[in-house]
Amino acid sequence: MMEKRNKHWRIEQRNRIYAAKMKLYAAYAGEFILNEIRVNNPRWIELYEANWNPVYKSVRKPCSCWLCCGESYNRRACKKEKARILRDSFN
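Every value quoted in this text rests on a predicted model; they were computed, and no experiment measured them. (Residues numbered from 1 in each chain as written. Predicted model: local features only at pLDDT ≥ 70, side-chain atom pairs only at ≥ 80, totals over all residues. Heavy atoms only, no water.)

### Describing the pairing of strand β2 (residues 37-40)
Quick note on the threshold: At least two DSSP bridges between two strands are required for those strands to pair. In DSSP terms, a helix is any run of H or I states spanning at least four residues, a strand is any run of E spanning at least two, and both are numbered starting from the N terminus.
Note: strand β1 (residues 31-34) against β2, 4 bridges, orientation antiparallel. Within the sheet, the bridge partner assigned to E31 lies in β2 and is N40. Once β1 ends, the chain turns through 2 residues before running back antiparallel as β2, passing N35 with a positive phi of about 55°.

### Some words on helix α1 (residues 7-28)
Note the threshold: One less than the number of residues in a helix, times 1.5 Å, gives the span that helix is expected to have. Relative accessibility under 20% of the residue-type maximum defines a buried residue, over 50% an exposed one, and the middle range a partly exposed one, all with a 1.4 Å probe and only protein chains included. Contacts: residue pairs with any heavy atoms within 4.5 Å of one another.
With 22 residues, α1 extends 32 Å from end C-alpha to end C-alpha; this agrees with the ideal 32 Å at 1.5 Å per step. All of the buried residues in α1 are W9, I17, Y18, A19, K21, M22 and A26. For α1, the elements touching its buried residues are α2 (44-49) and α3 (55-58).

### Some details on the environment of M22
Mapping M22 onto the fold places it in helix α1. Of the residues examined, M22 reaches a relative accessible area of 0% and is grouped as buried. A sequence separation of 24 residues divides M22 from E46, and the C-alpha atoms of the two residues are 9.1 Å apart. In this structure M22 touches W44, L47, Y48, W52 and Y56, once residues within four positions along its chain are discounted.

Listed below in C-alpha cells is the structure:
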C-alpha cells in the first residue's frame, strides 16, 4: 500500500533534508554564529536546534547566485579553455 503524501509527510521530509544539510555544514565548515555567540566546529544538532539558516527548510538553495548554486558545467567555455591550453602548449 502506498503511503499518503500529506502535510505531515512533507514536514518530515523537509526536516530530514534540513538535518542532512546541517550535518554536512557541521562536518566541513569551521565557524558559525549561533544565537549571537561565535562557535567553532559545532555539532550538527546545535545548528539544527539554533535554527541556523532557516531558508534551507523551505528551499533547496537560498538563492540563484553562483555561490549558492555551485559552479555549473559550461560546455562551450570548457572547449575554448582546452583549445587555448593546446594552442599554448604547441607554440
